[in-house]
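For reference, the chains in residue letters:
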Amino acid sequence: MDLADMENEVLSTLQQTELVNFGGSPAWSNATNPEFDQKTVDHWLNRAYLKVIRDVSDIDVAMYSATFSSTANTLSYPLPPAVASGDPNPPCAELRRAFYTPQGLNYTLEFAPGVRMLPWKEFQRYTAAGYLEQFSYGTQPEICAVSPDRKSLYFYPGTANAGDSIELQYTPVPTAGTLVPLLQNEDDSPYVLPDDFHELLPIYALYKLWPKARATQASADYLKQYYDQLAYIRAMWKRRSGGDQQRFTDVVVDRATSGPWGWW
């Protein structure tokens, strides 16, 4: 769905039929003093866009990938990663995956969540509250963590070489002027979300718009519909394959066997 599709769905439900134009953009220019104008509808559709991404950040469906190069003797890198030119990367809501490929070596190390990608408190314990970081640089980091303010990604040991490839996959925050912008043009689409999730945007926007029409019960009904539909779609997308199973394992063993030399 693109922005025009969602606008038409919202207007149709709100019974502003003179504006509805399924298959094209709503006839905004034909309306005189509409109760729900384009700016109002688009505002709440964009708020819904942000809401849906937050609500699915833990199931890896709204993902953005950024790749950059390491710098010699560096402990931390900015989040989001900087770009050489053009629009910047979108802000990072939640880092989900991190990969490190040392130059000249034929493997890529994944910082498995909970194994090599650690909570900040545990990362601080491994680095003696940062004391060891200043003396530790290596061919590849062993663990990483996001700083409490979500603005930096720390590695331990730090990156010794320049030019290694680092890939981050994270839940983005759609932001104007970035590579994941808010919905502005009629053909814009919330492309970081699978199509199944697009229907949630007009549902949540209607929850916010119904009070303006003095229909508080309809607003409550649409909020319930949003969470019911969200739960259903989340259940459909939560597993990527039959291999996704819950297991209890030893994190020390997991870390020892997760690198290129860990096969047994």
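For the structure itself, consult the block above.
Student: Quick question: what am I supposed to make of the pattern of salt bridges here?
Tutor: Side-chain pairing between opposite charges can occur once the charged atoms of the two side chains come close. Overall, the coordinates contain ten salt bridges when judged by the stated rule. The partner of Asp60 in a salt bridge is Arg97, and the shortest N-O contact between them spans 3.4 Å. In this pair, Asp60 sits in the loop between helix H2 (38-55) and strand S1 (64-69) while Arg97 sits in strand S3 (residues 92-101), placing the two residues 37 residues apart along the sequence. Comparing Asp60 with Arg97, the two get one shared label, buried. Put simply, Lys224 and Asp228 hold a salt bridge, and the shortest N to O gap is 2.7 Å. With Lys224 and Asp228 both in helix H5 (residues 216-237) and four residues apart, this pair spans about one turn of that helix.

Student: How should I be thinking about the nonpolar core in this particular structure?
Tutor: Side chains that are nonpolar tend, in soluble globular proteins, to be buried together. The biggest cluster of nonpolar side chains holds 57 residues, and the ones touching the most others in it are Leu168, Leu193, Phe197 and Leu201. In terms of residues, this core owes the most to one element, helix H4 (residues 200-209), which gives seven residues. If near-sequence neighbours (up to four positions away) are discounted, Leu168 is found in contact with Tyr64, Ser65, Ala66, Phe68, Leu79, Pro81, Leu95, Arg97, Ala98 and Leu153. Counting residues in each nonpolar core, the second largest holds five residues, with Phe123, Ile143, Ala145 and Tyr156 among its members.

Student: Please explain H4 as it appears in this structure.
Tutor: Of all ten residues making up H4, eight are buried, and the element is well covered by its neighbours. Buried within H4 are the following residues: Leu200, Leu201, Pro202, Ile203, Tyr204, Ala205, Leu206 and Leu209. For H4, the secondary structure elements touched by its buried residues are helix H1 (3-13), H2 and H5.

Calculation notes
- Sequence order as written defines the numbering, with residues in each chain counted from 1.
- Thresholds applied to this predicted model are a pLDDT of at least 70 for local features of residues and 80 or more for the giving and counting of side-chain atom pairs; totals over whole chains, interfaces and linings are not thresholded and use all residues.
- Excluding hydrogens and water, the side-chain values take into account all heavy atoms of the structure.
- Basic side-chain nitrogens of Lys or Arg form a salt bridge, by our definition, when they fall within 4 Å of a carboxyl oxygen of Asp or Glu.
- Put simply, DSSP H or I for four residues or longer makes a helix, DSSP E for two residues or longer makes a strand, and each gets a number counted from the N terminus.
- When a residue's accessible area, from a 1.4 Å probe over protein chains only, is under 20% of the maximum for its type it is buried; when over 50% it is exposed; and in between it is partly exposed.
- For our purposes a nonpolar core is just a set of buried Ala, Val, Leu, Ile, Met, Phe, Trp, Tyr and Cys residues, chained together by side-chain atoms within 4.5 Å.
- Whether two residues are in contact is decided by their heavy atoms, any of which lying within 4.5 Å being enough.

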